Every structure is written in structure tokens, then in C-alpha cells.
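Residue-level structural notes
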Amino acid sequence: MGLDFELPLRGSESPGLPCAPIGIAGTDCPLPPCARSSFLRVMAAQTRALVSGQWLAEAVRCNLVGPKLRILDTSWYLPKLKRDTKAEFAQRHIPGSLFFDIDECSDRSSALDHMLPTASHFSRYVGDLGIGSDTHVVVYDTSDFGSFSAPRVWWMFRMFGHSLVSVLDGGWKNWLLDGHPVTAESCVPERTEFRAAVNLSWVKSYEDVLENVGTRRVQVVDARSAGRFRGTEPEPRDDTLPGHFPGAINMPFTSFMDASGKELETEGLSKLFREAGVDLEQPLWTTCGSGVTACHVVLAAHLLGHPGACVYDGSWSEWFKRASPELIISEGEGKKV
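None of the values given here were measured: they were computed from a predicted structure. (Residues numbered from 1 in each chain as written. Predicted model: local features only at pLDDT ≥ 70, side-chain atom pairs only at ≥ 80, totals over all residues. Heavy atoms only, no water.)

1. Some points on the overall build of the protein
A tally of helices and strands in the protein yields 11 helices and 10 strands. Here the protein, with 337 residues, has 56% of them falling under the buried criterion. Sequence-distant contacts, at least 24 apart, represent 79% of the contacts inside the protein between residues at least 6 apart. (Helix = DSSP H or I, 4+ residues; strand = E, 2+ residues; numbered from the N terminus. Buried < 20%, exposed > 50% of the residue type's maximum accessible area, 1.4 Å probe, protein only. Contact = heavy atoms within 4.5 Å.)

What follows is the structure, given as C-alpha cells:
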């Protein structure tokens, strides 16, 4: 069995292959020496947004994880779930992977959860993970959904100017189901220089969204569950009530995945946007609870050839705190003055 070079392209970018570190070890690698040598030299200018578990398993088996290919466990969960993601990572993870902490790589001075860090903070953080400008980064998380927080980190890398980043399709859930290897062994990467080139036009503020509520110039998709959006189910944060702001369109992030937790094919994704009344030829902003699952909408639009969707980083957590009651639409209790 060879490497999964023929994985169908998912999205608008051309397929790319990670370069391997010098010296591939292991006799069970399916690549013959000549192909391994070529593999070392191949790095496309762009890479696919999704990679399969089979593709990544072959890369792990061929010992390609290193300076040119980094795997990141980006798991994050709401505090109410009481999951210790670092402890879970220490117990088992994809071989060669490193842990990316969304809360640590954020603006720690903000009163809101995991808002984007500065470009210098992001550069230092990912440089410490051994990621440079020519590193292909593959992100995954351990959610039972198949994917939860990984698209947020995929988007962060792209927002900070690094397009060589992919989401593991189906995540940890399918990695285990397919019988791929796991380990408790840790690795310490050599620090690498990373220089972020931030694209702030992809990030929207409370003021941007407030203005758009009046103008309705831009479509805004909310990726929370239907109950939270309508105001009939509680928010996971005790200081926030459910609901949505005027003009928002609800597309729960789980709808972009099939029952197995893998991303829908392009036909299914196109149907979702069409039935929601979203025109991908027009500007699109996304929101959710705190800027994490909004990135599922960005990923889906990207896979359909529309890579410029923006994220309201503060999302509902900020909007509920700052907006006046008449700008909170809810079938439930609603915000009081």
C-alpha cells in the first residue's frame, strides 16, 4: 500500500505533500528509496484543507513527522465538561503529535475566552512547537463529534499567514476506529523561527457586527445549536443567556459532518448553504459561542472554493454582554436591562 497520494482534492487549493526530515527510518515504509528521496524534495506552495487518516497514518509509518510535518492535538472543551485535555494527551495521542493549547495561545489580557493572540505571541508559541514557514501542520481534536476545535486552529494558522495547514478528516474518533497507532510517548521539538503575517481583515469585532446589524450588508452565520440560537436551550456559560442577534442565520457546526464525524462531500456542503439561504458568492462572516465552532463554517466555505469567510472572534459571549436588550432575539427569557 502506498501513501494516499490520490486522495481527492477537498477545496480550492492544490494537493501538497509534506517534506520529510532527513533520514527516514523503518523498513515497513511502503515508499521505495527513490520515492522517499523525491518525497523529501516535494512541497507544494499550497496544501489541501483536509487530509485522511490513511494519509496521515502512512506519513507516521514512514517517520515523516518532524520539521516539515507537525501534528497538533488541538483539543479544547468547555470548562463545564471538566475534561483535562493535557492529561488526556499525555495518556495517548497520535505518534509524533504535540499539544496546542487554545487558551494559552490567546490574548490572556482579554476578559473573553481564548481571543486571538498577537502576531508575536502566535509566532513564539508555534515556533516553540518546531513549526516554521515551510512546515505542513495537521490539526485534530479528540471530540466525539469527529471535529470540534481543530478548525479553529486551522483558521488561526491561515489568519496568521500560514496556508500549509490541514484538518485531519474525522479526527481522533475515526483515527481510533480505523485502528491507527496511538502512543503515550512525548517528543520535544527543536525550536524554529516562525514569522506571522496577520490578516486582520478576516477578524470581525463587536463594532463591525453592530454596524452590520443595521446595514445587513454581510451575511452572518451562527454555528451554535438550534436551541441555543433560538433561546430555548441554555448557554454553557453561566453569565450568558441564549439567543442571537438580528439577521443571523443558524447553521449548527455539526451539520457540516456526516454521522461518522467526517466532513460532508462538496455536494452536501453546497446543499447546506443553499437551503440556509447563504450565497457564498457574497461576503460571509461567522459566529458561535466564543469563536471556536464558527471556524467550521469557514472551513466548509473554503472547501467549496470560497476561502475568505471572516470570524467574529468575541461571538455570542461578547455580544450578549455588550448589546442592548433589543438586539438580543430569543424565544426564551431574553436579556434584561
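The discussion continues.
2. Looking at the nonpolar core
Among soluble globular proteins, nonpolar side chains are generally buried collectively. In this structure, Phe100, Trp155, Phe157, Phe273 and Trp319 are the most contacted members of the largest nonpolar core, which totals 74 residues. Ranked by residues supplied to this core, first place goes to helix α10 (residues 294-303) with 8 residues. When sequence neighbours within four positions are dropped, the list of residues in contact with Trp155 reads Leu116, Trp202, Val203, Cys295, Val298, Ala309 and Val311. Formed by 18 residues, the second largest nonpolar core is a distinct cluster that contains Leu56, Ala57, Phe89 and Phe99. (Core = buried A, V, L, I, M, F, W, Y, C linked by side-chain atoms within 4.5 Å.)

3. What about the packing of aromatic side chains?
For any pair of aromatic rings, the description rests on two quantities: the centre-to-centre distance and the angle between the ring planes. By the definition in use, this model includes 16 aromatic pairs. Taking the centre distance of 6.3 Å and the plane angle of 5° together, the rings of Tyr77 and Phe148 count as stacked. In this pair, Tyr77 is assigned in the loop between β2 (69-73) and α3 (85-91) and Phe148 in the loop between β4 (136-140) and α5 (150-159), connecting sequence segments 71 residues apart. Residue class for Phe148 comes out buried when judged on its relative accessible area of 13%. (Phe/Tyr/Trp six-rings, centres within 6.5 Å; stacked < 30°, edge-to-face > 60°.)

4. Digging into the sheet that holds strand β7 (residues 219-222)
Pairing is parallel in the open sheet, where 5 strands are placed in the order β6-β10-β9-β7-β8. In this open sheet, the two edge strands, each paired with only one partner strand, are β6 (203-204) and β8 (249-250). The pairing of strand β9 (residues 284-287) with strand β10 (residues 310-312) spans 2 bridges and is parallel. When the bridges of β10 are listed, Trp285 appears paired with Cys310. (Pairing = 2+ DSSP bridges.)

5. Things to note about the sheet that holds strand β5 (residues 165-168)
Reading across the sheet, the 5 strands line up as β1-β5-β4-β2-β3 and stay open at both edges, with parallel pairing between neighbours. The sheet is open, and its two edges are formed by β1 (50-51) and β3 (98-99), each paired on a single side.

6. Some words on the side chain of Ser147
Inspection of the secondary structure assignment puts Ser147 in the loop between β4 and α5. Not counting chain neighbours up to four residues away, the residues in contact with Ser147 comprise Asp141, Val167, Phe253, Met257, Gly261 and His296.

7. Quick word on the pairing of β4
The element β4 is largely enclosed, with a buried count of 5 among its 5 residues. Going residue by residue along β4, you find His136, Val138 and Tyr140 tucked away on one face and Val137 and Val139 tucked away on the opposite face as well. Handedness of the β4-α5-β5 crossover: right-handed. (Right-handed = clockwise from strand over helix to strand, strands pointing away.)

8. Description of the packing of α5 against α10
Here α5 crosses α10 at 65°, and the two axes come no closer than 8 Å. When the interaxial angle is binned, α5 and α10 end up roughly perpendicular. α5 and α10 meet at a crossing whose hand is left-handed. Note on element contacts: α10 touches α5 through Cys295, His296, Val298, Leu299 and His302, opposite Pro151, Arg152, Trp154, Trp155 and Arg158. (Axes fitted to C-alpha atoms, helices over the stretch in contact; angles between N-to-C directions. Parallel < 35°, antiparallel > 145°, perpendicular 65-115°, else oblique. Left-handed = near helix turned anticlockwise from the far one by under 90°.)

9. Quick word on the environment of Asp222
Take Asp222: it is sitting in strand β7. Classification of Asp222 by relative accessible area gives buried; the value is 1%. Spatially, the C-alpha atom of Asp222 lies 9.0 Å from that of Thr293, the residues being 71 residues apart in sequence. Other than its neighbours up to four places away in sequence, Asp222 contacts Phe229, His244, Ile249, Asn250, Met251, Pro252, Thr287 and Cys288.

10. Here's the deal with helix α11 (residues 315-322)
Judged by how many residues are buried, α11 sits mostly within the fold: 6 of 8 residues are covered. Residues of α11 that are buried include every one of Ser315, Trp316, Ser317, Glu318, Trp319 and Phe320, and no others.

11. Topic: the environment of Ser123
Relative to the elements of secondary structure, Ser123 occurs in helix α4 (residues 119-128). Its relative accessible area of 11% is what places Ser123 among the buried residues. Along the primary structure Ser123 and Phe160 are separated by 37 residues, whereas in three dimensions their C-alpha atoms are 8.7 Å apart. When neighbours within four sequence positions are excluded, Ser123 is seen to be in contact with Arg191, Phe194, Arg195 and Ala196. Polar contacts involving the side chain of Ser123 include one to the main-chain carbonyl oxygen of Ala119, which spans 2.8 Å. Of note is the side chain of Ser123, whose polar atom sits 3.4 Å from the backbone oxygen of Phe194. (Polar contact = N/O pair within 3.5 Å; in protein donor to acceptor, adjacent residues only side chain to side chain.)

12. A closer look at the state of the cysteines
Simply put, the disulfide is a covalent bond whose two ends are the sulfur atoms of two cysteines. Evaluated as defined, the whole model comprises 0 disulfides. Of the cysteine sulfurs around Cys295, a residue in no disulfide, the closest is that of Cys288, at 7.0 Å. Judged by relative accessible area, which is 0%, Cys295 ranks as buried. (Disulfide = S-S within 2.5 Å.)

13. Some points on the packing of helix α7 (residues 206-215) against α11
Running from N to C, α7 and α11 point in directions that differ by 70°, and their axes come no closer than 11 Å. Viewed along their axes, α7 and α11 adopt a mutual orientation that is roughly perpendicular. When α7 is examined against α11, the residues Tyr206, Glu207, Val209, Leu210 and Val213 are found in contact with a partner set consisting of Glu318, Trp319 and Arg322.

So yeah, pure geometry; function would need other evidence.
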